[in-house]
Amino acid sequence: MSAARSVCDLVYSLAEENDFQQVLEICSDAFNGLDYMPVTFHRWLHEPGRLVFIARIKTRVVALESALLVDGGQTVVFQGLRVASDLRGCGIASALQRHITGYIHHHYPQVSAVRLSRGDRPSPQSLVKYRLIAKEAILSLCCEAVDLGRFVTELQSRLSQSDSTPRSPVILTQEQAETLILSDHVVSNLLPGKTIINDWEPLKPMKENLEVLRRRGLTWIIDRETEPTAVSLCTTPYVVPYRHDALHFNINIFGHRLASVCAVFLAQLQALLPSLQGYLVFYTYLDPSLWAGLHRFCENQSSVSFFSDYCEEFVLEKDLATS
């Protein structure tokens, strides 16, 4: 089937529960076995402010993407783009996004911007349409859950021997976290591009976005109570297809001081330890200038391995009128 024919044959609709099995088929090779769609699809269908779109050719689901209204309804975040492997490169993703943009224009005329996160460096052509507003480096690790305790003990010893060891990190209540993340200190000094990034979901630091963060069940840890130099948020571990017993979780860390970043990273692992079983794959997102330092900090004798090489997350934004 030609690319032009593929796009012309597309039929769009909002996703429904009975689309789940076909959606899984187009996700089968996504993200090296770490695809979140199997555990988020049903939740997304019922999440306030989120629309999940699918594209079909005849009766076959060939693409999916969701649109989440954030920033008090002024911005839409595109998430979850999937295209069937045999039809990639045919223009289906662009056609689906055009359809979603037109739908948003018609039904939500107050929306003025589109925001999204991507794992590939934006091309010059993309940067003509999009503004690059933030970037994070990704450090990925994997291990059996039974080995994580030894890894944590090893890192504790390493951190305690450092001359720049920060004070004991602090786990925040939800109320404390919400107050802190909107504070001038954190917004101006720590957030990348003044953007809260949680698990590839970029949000502006606004009261209107706090409800979105509440839904995520995050664990918030900072390096110190007064004017912290590192703020971290960790997702609840979730099942992924990588292995029959595999769990994945993400830690986003905002800060520019390596010792503080290492301290909150370690504190997040300590907080998770009692609840983890099976095989773990976990990603930590941080300032690119600190990636090498955290990588050195995580070199170990405890059977914890690096899952992949250096990679990055790019947060892009464009005015809806230019779509």
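How each quantity is defined
Residues numbered from 1 in each chain as written. Predicted model: local features only at pLDDT ≥ 70, side-chain atom pairs only at ≥ 80, totals over all residues. Heavy atoms only, no water. Helix = DSSP H or I, 4+ residues; strand = E, 2+ residues; numbered from the N terminus. Expected span 1.5 Å × (residues − 1). Buried < 20%, exposed > 50% of the residue type's maximum accessible area, 1.4 Å probe, protein only. Contact = heavy atoms within 4.5 Å. Salt bridge = Lys/Arg side-chain N within 4 Å of Asp/Glu carboxyl O. Phe/Tyr/Trp six-rings, centres within 6.5 Å; stacked < 30°, edge-to-face > 60°. Lys NZ or Arg CZ within 6 Å of the ring centre and 35° of its normal.

Visitor: I would appreciate a short explanation of helix α6 (residues 145-160) in the present structure.
Guide: One turn of the α-helix equals 3.6 residues, which is why residues spaced by three or four share an orientation. Taking 1.5 Å per residue as the helical rise, α6 with its 16 residues ought to reach 22 Å, and the 23 Å between its terminal C-alpha atoms agrees with that figure. All of the buried residues along α6 are A145, D147, L148, F151, V152, E154, L155 and L159. The secondary structure elements touched by the buried residues of α6 are β6 (131-144), α10 (258-272), β14 (279-286) and α11 (291-298).

Visitor: Can you walk me through α10 in this structure?
Guide: Taking 1.5 Å of rise per residue, the 15 residues of α10 would be expected to cover 21 Å, and the 21 Å separating its terminal C-alpha atoms lies within 8% of that figure. Summarising burial for α10: twelve of the 15 residues are buried, a large majority. Every buried residue belonging to α10 is among A259, S260, V261, C262, A263, V264, F265, L266, A267, Q268, L269 and L272, and all of these are buried.

Visitor: Help me understand unusual backbone geometry, please; the structure alone is not making it clear to me.
Guide: Of all residues except glycine, most have a negative phi; of all peptide bonds, most are trans. The backbone of N32 sits at a positive phi, close to 55 degrees, despite the residue not being glycine. Relative to the elements of secondary structure, N32 occurs in the loop between α2 (20-26) and α3 (37-46). Relative accessible area serves as the criterion here: at 59%, N32 is assigned to the exposed category. Its identity is not glycine, yet E227 carries a phi of approximately 40 degrees, on the positive side. In this fold, E227 is placed in the loop between β10 (219-222) and β11 (230-234). Residue classification places E227 among the exposed residues on the basis of a relative accessible area of 51%.

Visitor: Which parts of the structure should I look at to understand the pattern of salt bridges?
Guide: When the charged atoms of two side chains lie near each other, side chains of opposite charge can form a pair. Inspection of every chain in the model, using the stated rule, returns 23 salt bridges. Across the pair E312 and R121 runs a salt bridge, and its minimum N-O distance is 3.0 Å. Of this pair, E312 sits in strand β16 (residues 311-319) while R121 sits in the loop between β5 (113-118) and α5 (124-129), placing them 191 residues apart in sequence. In this structure E312 comes out as buried when scored by relative accessible area, which is 10%. According to the relative accessible area criterion, R121 is exposed, its value standing at 58%. Here E312 makes a salt bridge to K135, at a shortest N to O gap of 3.7 Å. With E312 in strand β16 and K135 in strand β6, this residue pair connects regions lying 177 residues apart in the sequence.

Visitor: Explanation requested: the packing of aromatic side chains in the structure shown.
Guide: Centre distance and the angle of the planes are the two values used to describe a pair of aromatic rings. Under the criterion given, the structure shown has eleven aromatic pairs. When the ring of F53 is compared with that of Y103, the centres are 5.1 Å apart and the planes differ by 75 degrees; the resulting orientation is edge-to-face. Taken together, the residues F53 in strand β2 (residues 50-57) and Y103 in helix α4 (residues 92-107) connect sequence positions 50 residues apart. Looking at Y103, the relative accessible area reads 22%, which means it is partly exposed. With a centroid separation of 5.0 Å and 85 degrees between ring planes, the pair formed by W291 and Y310 is classed as edge-to-face. Of this pair, W291 sits in helix α11 while Y310 sits in the loop between β15 (305-306) and β16, and the two are 19 residues apart along the sequence. The class for W291 is buried, based on a relative accessible area of 14%. Among the residues examined, Y310 registers a relative accessible area of 37% and is labelled partly exposed. Counting every residue linked through ring pairs, the aromatic cluster contains W200, Y242, Y279, Y283, Y285 and F307. Residue placement shows R50 over the ring face of W44; its charged tip is 4.1 Å from the ring centre.

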